[in-house]
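Per-entry structural report
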Amino acid sequence: MIVDAATKSFSLFGYKATTMDQVAKLANVGKGTIYTFFKNKEELFEDIVSSMVKEMKAEAERVIQPELPVTENVHRALYRLLEFRSEHQLMLKLVQEEKEMGTIAVSEMLQHIEDEIIAYIKEKIESAIAKGSIRAIDSEITSFLLLKMYIALVSDWERHHQPLTSEQIADVMKSFLLKG
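Since the structure is predicted, the reported quantities are computational estimates derived from the model, not experimental observations.

**As for the overall build of the protein**
For the protein, the count of helices and strands is 9 helices and 0 strands. Dimensions of the protein, computed from C-alpha atoms along their principal axes, come out at roughly 60 × 40 × 25 Å. Look at the contacts in the protein between residues 6 or more apart in sequence, and 58% of them connect residues 24 or more apart. As presented, the protein carries roughly 10200 Å² of accessible surface, and 54% of it is formed by carbon and sulfur atoms.

**Brief notes about a nonpolar patch on the surface**
Judged by side-chain polarity, I141, F144 and L145 come together as a nonpolar surface patch covering roughly 290 Å² of accessible area. Tracing the chain through its elements places L145 in helix α8 (residues 139–156).

**Here we look at the side chain of K41**
Within the element layout of this structure, K41 appears in helix α4 (residues 41–63). Despite its burial, K41 pairs with no opposite charge, the nearest such side chain being E42 at 6.0 Å. Once residues lying within four places of it in the same chain are set aside, the contact partners of K41 are F10, Y15, K16, T18 and M20.

**A short note on the packing of helix α5 (residues 70–87) against α8**
Packing of α5 against α8 brings their axes to within 11 Å, and their N-to-C directions diverge by 60°. Here α5 is positioned oblique relative to α8, judged by the angle of their axes. Two packed elements cross with a definite hand, and for α5 against α8 that hand is right-handed. The residues of α8 that touch α5, namely those facing V74, H75, L78, Y79, L82 and R85, are L146, L147, Y150, I151 and V154. Its residues assigned to classes, the contact of α5 with α8 comprises 9 nonpolar, 1 polar and 1 charged.

**Focus on the packing of helix α1 (residues 2–17) against α4**
Running from N to C, α1 and α4 cross one another at 100°; their axes reach a closest spacing of 10 Å. In terms of their interaxial angle, α1 and α4 are classed as roughly perpendicular. When α1 is examined against α4, the residues I2, V3, A6, T7, F10, Y15 and K16 are found in contact with a partner set consisting of K41, E42, L44, F45, D47 and I48. Here the contact of α1 with α4 is composed, by residue class, of 8 nonpolar, 1 polar and 4 charged.

**Some thoughts on the packing of aromatic side chains**
On inspection of all chains with the given rule, the structure shows 3 aromatic pairs. Taken together, a centroid distance of 4.6 Å and an interplanar angle of 45° make the contact between Y15 and F45 tilted. Taken together, the residues span a long stretch of sequence, with Y15 in helix α1 and F45 in helix α4 at a distance of 30 residues. F45 shares its class with Y15; the two are buried. Members of the aromatic cluster, joined through ring pairs, are F10, Y15 and F45.

**Notes on α1**
The terminal C-alpha atoms of α1 lie 17 Å apart, and with 16 residues this falls more than 12% below the ideal 22 Å at 1.5 Å per residue. When we look at burial in α1, the residues that qualify are I2, A5, A6, S9, F10, S11, G14 and Y15.

Calculation notes
Residue indices begin from 1 for each chain and proceed along its sequence in written order. In keeping with the predicted nature of the model, local features appear solely for residues at pLDDT of at least 70, side-chain atom pairs appear and are counted solely at 80 or more, and the whole-chain, interface and lining totals rest on all residues. Heavy atoms throughout the structure, all of them, feed into the side-chain values; hydrogens and water do not. Helix and strand assignments come from DSSP, with helices taken as H or I runs of at least 4 residues and strands as E runs of at least 2, each series counted from the N terminus. Pairs of residues are marked as contacts when any of their non-hydrogen atoms sit within 4.5 Å. To be clear on the numbers: accessible area is Shrake-Rupley with a 1.4 Å probe, and residue cover counts the displayed protein chains and nothing else. The patch calculation keeps residues exceeding 30% relative accessible area without a salt bridge and links them within 9 Å when they carry like charges or within 5 Å when they are nonpolar (Val, Leu, Ile, Met, Phe, Trp, Tyr). Take a side-chain nitrogen of Lys or Arg and a carboxyl oxygen of Asp or Glu: if they are within 4 Å of each other, that pair is a salt bridge. The buried label goes to any residue with under 20% of its type's maximum accessible area, the exposed label to any with over 50%, and the partly exposed label to all in between, with areas taken from a 1.4 Å probe on protein chains only. His residues and chain termini do not enter the charge count, which takes Lys and Arg as positive and Asp and Glu as negative. Under this scheme, a helix contributes an axis fitted over its contacting stretch, all axes are lines through C-alpha atoms, and angles between N-to-C directions fall in the 0 to 180 degree range. Small angles under 35 degrees read as roughly parallel and large ones over 145 as roughly antiparallel, with 65 to 115 read as roughly perpendicular and the rest as oblique. In this scheme, a crossing is called left-handed if the near helix is turned counterclockwise away from the far one by less than a right angle; it is called right-handed if the turn is clockwise. Three residue categories are used. Nonpolar comprises Ala, Val, Leu, Ile, Met, Phe, Trp, Tyr, Cys and Pro, charged comprises Asp, Glu, Lys and Arg, and polar comprises the others, including Gly. In this analysis, rings of Phe, Tyr and Trp, with Trp reduced to its six-membered ring, are considered paired at centre separations within 6.5 Å, and the interplanar angle assigns stacked below 30 degrees, edge-to-face beyond 60, and tilted for intermediate values. A helix is expected to reach a length of 1.5 Å times the quantity of its residues less one.

This is the structure in structure tokens:
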């Protein structure tokens, strides 16, 4: 109940505006009860974000199909991760809070989420290299560039251009992965 209430509060009001009193009220428990399980707001926030990252990875795993080429699976996983980011209320609120208020704890947590996504992609790339599906490359740099390129193609591009289809994005990604 506490985690659900805190998730709701962080999603609605953001990190900065969420208080332990507010979480206790939403959870219908005494504030002391929260401190039985969590040392402070930061620890509660970390726990919620950690669960969200696990959920993101599970979503990416659901769309991966072992019989497909690695380039297709990278595209599918990245596309699903970015869909998750754009659909999940807490992610939306965190991005908004970082942009509007620059809350340090939120910026650090968003960086942590990005690092987790890059580590996930890196693991998939290293597996593909080990199987001989793609040539040996620096998997960490490649993972970073793939994520940043994907974000740029999905969201940044649309600010001044016609949105790209999933297929167009996949073609660009395949070109960079296979030929780049």
